[in-house]
Amino acid sequence: MSASGYGGQPVIILKEGTERNRGTDARNANIMAARIVAEAVKTSLGPKGMDKMLVDSFGDVTITNDGATMLKEMDVQHPAAKMMVEVSKTQDDEVGDGTTSVVVLTGELLGKAVELMAKKIHPTVVIDGYRDAQEQVLKYFEEIAIKVEPTDKATLKKVCVTSMASKLISGYSDHLSDVAVDATLQVAEEKDGKYEVDLDMIKLEKKPGGSLTDTNLIQGLVIDKEVVHSDMPKLVKDAKIGLLNASMEIEKTEFDSKIHIESPTEMQAYLDQEEQMLRDMVKKVKDAGISVLFCQKGIDDMVQHFMAREGIMAARRLKKSDMEALAKATGAKIVTSVDDLSEADAGYAAKVEEKKIGDDKLTFVEGCKNPKAVSVLIRGGTERIVDEAERSLHDALSVARDVVQEPKIVAGGGAPEIEVARRLRRYAEGLAGRERLAVSAFAEAMEVIPTTLAENAGMDPIDAISEMQSNHEKGELWSGLNSLEGKVSDMSKLDVYEPMQVKAQAVKSATEASTMLLKIDDIIAASKMKPPAGGPEGMGGMPGGMPGGMPPM
Ligand SMILES: Nc1ncnc2c1ncn2[C@@H]1O[C@H](COP(=O)(O)OP(=O)(O)OP(=O)(O)O)[C@@H](O)[C@H]1O
Ligand SMILES: [Mg+2]
């Protein structure tokens, strides 16, 4: 990169091969990439939205409607497109739902910004206007939100059903919502009149087979491992649980070694000694009073046999995450040597049982010392259904948590967006010139949610929006787009409710992302590790077709 600087001598400040893209070009390229991402997910918004089938480089197929999942799997390349992926991930991390909406909203805010900039309004004016508008919108959400009881099951269920309305498994949302609400309430902890929910306490375990209605809440943990030996008990009550992260085998030497045995007696002595070592291991387990042992590594056949004789139940090769969950739930400490097993470090569960689920055997650890440890065992026809059910349950659990923690809800179907847009327009009227335009543009952008819902439901968006707007003028706060019946309805009467937090977070993240992209007027990209042979080189040239043209998504 060069600039004709001192005495006609170019001053080189960047490495050869660096791409630079400045001013309007840079901004437009970014905005375009971001909007393409938004367009791609738009059709999946709402209950009538489409699903996407994504095939990764290994040929694995994912069918989903979840915004964050779609974007994660899409593997986008452009930096601005990557930012959109991050926006939806942030939404997912913060509130767990609304990951499609946030991307659609960001795309629309950028689209409106382009129109403003075409009218020679400077990006900083747009940015200031957007930030101002965002603050107003958050205030409006607070004003219109309905305060609810944080532990009211009926309310929580409505919110869960709404979050699943747009998913492949929506037909089963009634049952799955019950499961989600029960699980959430069980792990909710009250602190000074407020509730906190740690969703990590809820373990999701999937097993294809059966039907989605067989999905249920387990008071404890489900471990996807069978009892290691057929003679071991399949049910242990009042279990003392040991967690071992070491193998119960005779360690093989790391280097090649040979043992010289010259007589049958020596041979016997050798075998006896080996057996004794294995017996000692089992004795240590028994002496520690352990009746159920979960081992992260392997267990020798002989050890299994001796343990079975002692009536000890054991499972081996557990996942690290399962071991950690067991430690949390049963109060056991994970020890790294058989010698360290002790009564003091053992955990407790009222019942440990191996059950046959479909073709597989799973181990259920129920009635744990920590009653807040629960699992949801997800069942369903095929692996893909079970996967999507897991993602949908994640959304349902998240929205239930959102409401338990911050008990404010709004009706859905685009009603809140229409209302805040209406209020924002009125606010904009009191502003001067250019900023007014930016704030009004923000208001229009908010309406992309009901507009998209209408489009996806096969309705005329212009008619639908104007009908909703006039209803809102008349004070019908929750007039929104009833996707399922293809008309404008009072969404509160349809029990379509969402956490206010989901809406607020979407507006916050979308404003942040769009203003961030608007602020960029210079893209400096280091050259790729391996430039294509014979491609344009260095100084002043712009290899790779970045400027003006659309960079790859
Ligand atoms: N029965 C319904 N009628 C109309 N709109 C609905 C209904 N149920 C849900 N919606 C609306 O659908 C939108 C949510 O759609 P969807 O769940 O597909 O996307 P998202 O929540 O933004 O993203 P994701 O769920 O993928 O994280 C919300 O605006 C919600 O109000
Ligand atoms: Mg959703």
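Source: prediction; values computed, not measured.

Undergrad: Looking at this structure, I do not really get the overall build of the chain. What am I missing?
TA: Regarding its fold elements, the chain presents 16 helices and 23 strands. The buried share among the 553 residues of the chain stands at 49%. Of all intrachain contacts in the chain linking residues separated by at least 6 positions in sequence, the fraction that spans at least 24 positions is 74%. Of the roughly 26,300 Å² of accessible surface on the chain, 49% is carried by carbon and sulfur atoms.

Undergrad: Explain the pairing of strand S12 (residues 235-244) to me, please; I cannot follow it from the model alone.
TA: The two faces of a sheet get side chains in turn, since along a regular strand they alternate between them. Relative to strand S16 (residues 347-357), S12 is paired through 6 bridges, and the arrangement is antiparallel. Paired with leucine 235 across the bridge in S16 is glutamate 353. As paired strands, S12 and strand S13 (residues 292-295) are joined by 4 bridges and run parallel to one another. Looking at S13, one finds that glycine 242 is bridged to leucine 293. As paired elements, S12 and strand S15 (residues 334-335) share 2 bridges and run parallel to each other. Counterpart to leucine 244 in the pairing with S15 is valine 335.

Undergrad: Would you take a moment to explain the pattern of salt bridges for this structure?
TA: Any two side chains of opposite charge can pair if their charged atoms end up close together. A complete count under the given rule lists 38 salt bridges for this structure. A salt bridge links glutamate 419 to arginine 422, with the nearest nitrogen and oxygen atoms 3.1 Å apart. Of this pair, glutamate 419 and arginine 422 both sit in helix H12 (residues 415-429), 3 residues apart, which is roughly one turn of that helix. Grouping residues by exposure puts glutamate 419 and arginine 422 together as buried. Its salt-bridge partner being lysine 493, residue aspartate 490 comes within 3.6 Å of it at the nearest N-O pair. Overall, the relative accessible area of 29% leaves aspartate 490 in the partly exposed class. Note on lysine 493: relative accessible area 69%, which makes it exposed. Look at the salt bridges and you will find they share partners, linking Glu143, Glu419, Arg422, Arg423 and Glu473 into a network.

Undergrad: Explanation requested: the sheet that holds strand S22 (residues 497-499) in the structure shown.
TA: Think of a sheet as strands paired side by side through backbone hydrogen bonds, with each pair either parallel or antiparallel. If you walk across this open sheet you meet the 3 strands as S6-S19-S22, and the pairing is antiparallel. Edge strands, defined here as strands with exactly one partner in the open sheet, are strand S6 (146-147) and S22. In the sheet, S6 pairs with strand S19 (residues 408-411) via 2 bridges, with the strands oriented antiparallel. Paired with isoleucine 146 across the bridge in S19 is isoleucine 409. Running over the sheet, helix H6 (residues 153-164) touches S19 and S22 and is turned about 95 degrees from S22.

Undergrad: Can you help me understand the side chain of glutamate 447 in this one?
TA: Turning to its location among the elements, glutamate 447 is positioned in the loop between helix H13 (433-446) and helix H14 (448-456). Side chain to side chain, glutamate 447 and arginine 425 meet in a polar contact 3.0 Å long. Other than its neighbours up to four places away in sequence, glutamate 447 contacts Ile418, Ala421, Arg425, Ile465 and Gln469.

Undergrad: Would you take a moment to explain the nonpolar core for this structure?
TA: Burial of nonpolar side chains together is a common tendency in soluble globular proteins. Counting 105 residues, the largest nonpolar core has Phe442, Met446 and Leu518 as the members making the most contacts within it. Excluding anything up to four places from it in sequence, phenylalanine 442 contacts Leu109, Tyr130, Ala133, Gln134, Val137, Leu424, Val507 and Thr511. With 47 residues, the next largest nonpolar core counts Met281, Ile299, Ala308 and Ala327 among its residues.

Undergrad: Explanation requested: helix H3 (residues 79-94) in the structure shown.
TA: Because each turn of an α-helix spans 3.6 residues, side chains separated by three or four positions end up pointing in the same direction. For H3, with 16 residues, the first-to-last C-alpha span of 22 Å sits near the 22 Å given by 1.5 Å per residue. What H3 keeps buried is the set Ala80, Ala81, Met83, Met84, Val85, Val87, Ser88, Gln91 and Asp92. The inward-facing, buried residues of H3 contact helix H1 (23-42), helix H2 (67-74), helix H4 (99-118), helix H11 (383-405) and helix H16 (500-519).

Undergrad: Can you walk me through the confidence of the model for the chain in this structure?
TA: Per-chain confidence: the chain averages 88 in pLDDT, with 93% of residues scoring 70 or above. Here residues 534-553 is modelled with pLDDT under 50, and outside its nearest four sequence neighbours on either side it reaches 33 contacts, counting other chains as well.

Undergrad: Even after reading the chapter, I still don't get the packing of aromatic side chains, so can you show me in this structure?
TA: In this description, a pair of aromatic rings is defined by centroid distance and the angle of the planes. Scanning the model with the defined rule gives 1 aromatic pair in all. Pairing tyrosine 130 with phenylalanine 442 gives two aromatic rings, centres 5.5 Å apart and planes at 80 degrees, and the pair type is edge-to-face. Placement of the pair is tyrosine 130 in helix H5 (residues 123-144) and phenylalanine 442 in helix H13, with a sequence separation of 312 residues. A cation over a ring is seen here: lysine 355 above phenylalanine 364, with NZ or CZ 4.4 Å from the ring centre.

Rules used throughout
Residues numbered from 1 in each chain as written. Chains lettered and ligands numbered in written order. Predicted model: local features only at pLDDT ≥ 70, side-chain atom pairs only at ≥ 80, totals over all residues. Heavy atoms only, no water. Helix = DSSP H or I, 4+ residues; strand = E, 2+ residues; numbered from the N terminus. Buried < 20%, exposed > 50% of the residue type's maximum accessible area, 1.4 Å probe, protein only. Contact = heavy atoms within 4.5 Å. Areas by Shrake-Rupley, 256 points an atom, 1.4 Å probe, with all protein chains shown as cover. Pairing = 2+ DSSP bridges. Salt bridge = Lys/Arg side-chain N within 4 Å of Asp/Glu carboxyl O. Axes fitted to C-alpha atoms, helices over the stretch in contact; angles between N-to-C directions. Polar contact = N/O pair within 3.5 Å; in protein donor to acceptor, adjacent residues only side chain to side chain. Core = buried A, V, L, I, M, F, W, Y, C linked by side-chain atoms within 4.5 Å. Expected span 1.5 Å × (residues − 1). pLDDT = per-residue confidence, 0-100. Phe/Tyr/Trp six-rings, centres within 6.5 Å; stacked < 30°, edge-to-face > 60°. Lys NZ or Arg CZ within 6 Å of the ring centre and 35° of its normal.

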